[in-house]
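# Structural features, examined
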Amino acid sequence: MGRLVDRHRDLAGWLVTLLFTLVAAPVLACIVGVSGSLADHNGPPPLCEEAVAANMCEETSLRVVGVHVVISGAMWLLLWAIPWWRGLRTVRVLLAVAATVVLVLLPVRMFDWFSHS
């Protein structure tokens, strides 16, 4: 019976994926956030439009930040659970990209870039 997954060692690829995601995801999210904060707008972020009347903008923002950080962090921790086999490299990279996308979508959601034309 043949193997379904190549079980040769890919320890270096495993470590690089973990470390690159740990460093690159927050950096990319910060770059997107800084570019979003440089946009021409005054006042609170669009995410807080409904919460501003009750003076709950900070709580709303922290809740959204927390959700994105927890989901991305859980995905990153899941990367540790994937074995370092060469056949699972694609799975690791896709999970790392998904964790990065979750973090990068945080500033996109905060500044609500897609709702305005």
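This one's a predicted model, so the numbers in the text were calculated from it and none came from an experiment.

A word on the overall build of the protein. For the protein, the helix and strand inventory stands at three helices and zero strands. For the protein, the α and β elements follow one another from N to C terminus as α-α-α. The buried share among the 117 residues of the protein stands at 32%. Counting only contacts in the protein whose residues sit at least 6 apart along the sequence, the fraction spanning at least 24 positions is 76%.

The next subject is the packing of helix H2 (residues 57–81) against helix H3 (residues 89–111). As a packed pair, H2 and H3 sit with axes 9 Å apart at the nearest point and diverge in direction by 170°. The orientation of H2 with respect to H3, classified from their angle, is roughly antiparallel. Contacts from Ser 61, Val 64, Val 65, His 68, Val 69, Ile 71, Ser 72, Met 75, Trp 76, Leu 78 and Leu 79 of H2 reach H3 at Arg 92, Leu 95, Ala 96, Ala 98, Ala 99, Val 102, Leu 103, Leu 105, Leu 106, Arg 109 and Met 110. When its residues are assigned to classes, the contact of H2 with H3 shows 17 nonpolar, three polar and two charged.

In this structure, Trp 14, Leu 18, Met 75, Trp 76, Leu 79, Ile 82, Leu 88, Leu 95, Ala 96, Ala 99 and Val 102 together form the largest nonpolar core, which totals eleven residues. Looking at this core, the elements that each hand over two or more residues are helix H1 (11–37), H2 and H3. Those residues within four positions of Val 102 in sequence are excluded, and the remaining contacts are His 68, Ile 71, Ser 72 and Met 75.

Moving on, we come to the environment of Arg 9. Here Arg 9 is to be found in the segment before H1. Exposure remark for Arg 9: the relative accessible area of 63% places this residue in the exposed category. Along the primary structure Arg 9 and Trp 84 are separated by 75 residues, whereas in three dimensions their C-alpha atoms are 6.1 Å apart. Those residues in contact with Arg 9, other than ones at most four positions away along the chain, are Trp 84 and Arg 86.

Orientation of H1 relative to H2, taken along the N-to-C sense of each, is 170°, at an axis distance of 10 Å. By the angle class used here, H1 and H2 are roughly antiparallel. In this structure, H1 uses Trp 14, Thr 17, Leu 18, Thr 21 and Leu 22 to contact H2, whose residues at the interface are Trp 76, Leu 79 and Trp 80. When its residues are assigned to classes, the contact of H1 with H2 shows six nonpolar, two polar and no charged.

Rules used in this analysis
Residues numbered from 1 in each chain as written. Predicted model: local features only at pLDDT ≥ 70, side-chain atom pairs only at ≥ 80, totals over all residues. Heavy atoms only, no water. Helix = DSSP H or I, 4+ residues; strand = E, 2+ residues; numbered from the N terminus. Buried < 20%, exposed > 50% of the residue type's maximum accessible area, 1.4 Å probe, protein only. Contact = heavy atoms within 4.5 Å. Axes fitted to C-alpha atoms, helices over the stretch in contact; angles between N-to-C directions. Parallel < 35°, antiparallel > 145°, perpendicular 65-115°, else oblique. Nonpolar A, V, L, I, M, F, W, Y, C, P; charged D, E, K, R; others polar. Core = buried A, V, L, I, M, F, W, Y, C linked by side-chain atoms within 4.5 Å.

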